[in-house]
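Below are the chains, spelled out letter by letter.
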Amino acid sequence: MPAYRNPTHNFTYVSSCVKYMIFLLNFIFWLFGGLLIGIGFYAFLDKWQATGLIKLETFYDIVLNISLVMIIAGGIVFVVSFAGCLGALRENTCLLKFYSLCLLMFFLCEMAVAIVGFVFPHKMNIVLEESFTDKIITTYRDDPDLQNLIDFAQQEFHCCGLSNDGYLDWGKNEYFNCTSPSVERCGVPYSCCINATDISSGLVNIMCGYHIQQQSVAAASKKIWTSGCIEIVRVWAERNLYLIAGIALGAALSQLFVIYLAKTLEGQIDLQKSRWSS
């Protein structure tokens, strides 16, 4: 006769579905964080070898260093998602509490930025202009990654410069300043040009923005985009407000859902521990 087996012997409060859902989601983000670190580190070393010097003296030097920002962001994602992975897999409540607390802090920071941007859009524009415009413009050409980002933004958003001064912002750059001995003096980057690429040859005319600063806005607007990028991006955001709000809401709800899963798993683990102790 087979031995009697207690049906509650293998019972557990911990849901495998919740446990492995948290693990899988965080494993994906853990890989993504590692990828960001790898790309950022490669770009940082490549820039180091190309320029021989990377200045990290001020807050702006760090924020505007794209490769370093990728390393920092990747490191944060890597650590937090690793805590979620290990906490779910090993049913460790300390790691899960750390994980859910980090997600809650990210969520609150995102909400604060979104509220400030929605309630005070013009003041936020002023803050961005005063804080970053001069630094970004003056470091153009000194940082290859930042230069590529600026050129991409100007081409995609059809803008030139950052502030309300538009294309005249480039007068603050040592290469484009009218007192510069450079051949680019009084000019703007080719990414400001309306037709920078020659249709017949397919080549980019890097000289299309030369001496544009000496022309009036009416004359310059025939050759280049004259409006600053911050204002153009603000207008674009207002036109696509519902799309941006939908994406932001989806991201916020996803974060809240993952926090809920983590807290649910914490509660289940505590119940299981109390069952074992009793």
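Each remark here, short or long, concerns the structure printed above.
Bear in mind the structure is a predicted one, so any value in this text is a computation, not a measurement.

Novice: Give me the overall build of the protein: which residues, what numbers.
Specialist: The helix and strand tally for the protein stands at nine helices and zero strands. When the helices and strands of the protein are listed from N to C terminus, the series reads α-α-α-α-α-α-α-α-α. Split into buried and exposed, the 278 residues of the protein put 33% on the buried side. Look at the contacts in the protein between residues 6 or more apart in sequence, and 70% of them connect residues 24 or more apart.

Novice: Which residues make up the pattern of salt bridges, and what values go with them?
Specialist: All chains considered together, the criterion is met by eight salt bridges. Between Lys 47 and Asp 145 there is a salt bridge, and its shortest N-O distance comes to 3.4 Å. On the criterion of sequence distance, the pair formed by Lys 47 in helix α1 (residues 16-51) and Asp 145 in helix α6 (residues 144-157) is long-range, its members being 98 residues apart. Owing to a relative accessible area of 5%, Lys 47 belongs among the buried residues under this scheme. Overall, the relative accessible area of 23% leaves Asp 145 in the partly exposed class. For Lys 263, the salt bridge goes to Glu 266, with nearest N and O atoms at 3.3 Å. Taken together, the positions of Lys 263 and Glu 266, both in helix α9 (residues 241-277) and three residues apart, correspond to about one turn of that helix. Classification of Lys 263 as partly exposed rests on a relative accessible area of 44%. With a relative accessible area of 4%, Glu 266 lands in the buried category. Shared partners join several salt bridges into a network, and the residues in it are Lys 47, Asp 143 and Asp 145.

Novice: Before we move on, could you go through the packing of α1 against helix α3 (residues 66-90) and cite the residues and values that matter?
Specialist: For the pair α1 and α3, the least separation of the axes is 7 Å and the interaxial angle reads 155°. The orientation of α1 with respect to α3, classified from their angle, is roughly antiparallel. Remark: the crossing between α1 and α3 carries left-handed chirality. Grouping the amino acids of the contact of α1 with α3 by side-chain chemistry returns 22 nonpolar, nine polar and two charged.

Novice: Quick one: what's the story with the state of the cysteines, residue by residue and with numbers?
Specialist: By the definition in use, this model includes four disulfides. Cys 178 shares a disulfide with Cys 186; S-S distance 1.8 Å. Taking the sign of the S-S torsion, 135° for the link of Cys 178 and Cys 186, the bridge is right-handed. Owing to a relative accessible area of 3%, Cys 186 belongs among the buried residues under this scheme. Each sulfur in the disulfide pair Cys 193 and Cys 208 lies 2.0 Å from the other. Taking the sign of the S-S torsion, about 105° here, the bridge from Cys 193 to Cys 208 comes out right-handed. Within this pair, whereas Cys 193 is found in the loop between α6 and α7 (217-220), its partner Cys 208 is found in the loop between α6 and α7, the two being separated by 15 residues in sequence. When its relative accessible area of 6% is taken as the criterion, Cys 193 is described as buried. A relative accessible area of 16% means that Cys 208 is categorised as buried. In the protein, the bonded cysteines, numbered by position in the sequence, are linked as 1-8, 2-5, 3-4, 6-7.

Criteria and thresholds
Residues numbered from 1 in each chain as written. Predicted model: local features only at pLDDT ≥ 70, side-chain atom pairs only at ≥ 80, totals over all residues. Heavy atoms only, no water. Helix = DSSP H or I, 4+ residues; strand = E, 2+ residues; numbered from the N terminus. Buried < 20%, exposed > 50% of the residue type's maximum accessible area, 1.4 Å probe, protein only. Contact = heavy atoms within 4.5 Å. Salt bridge = Lys/Arg side-chain N within 4 Å of Asp/Glu carboxyl O. Axes fitted to C-alpha atoms, helices over the stretch in contact; angles between N-to-C directions. Parallel < 35°, antiparallel > 145°, perpendicular 65-115°, else oblique. Left-handed = near helix turned anticlockwise from the far one by under 90°. Nonpolar A, V, L, I, M, F, W, Y, C, P; charged D, E, K, R; others polar. Disulfide = S-S within 2.5 Å.

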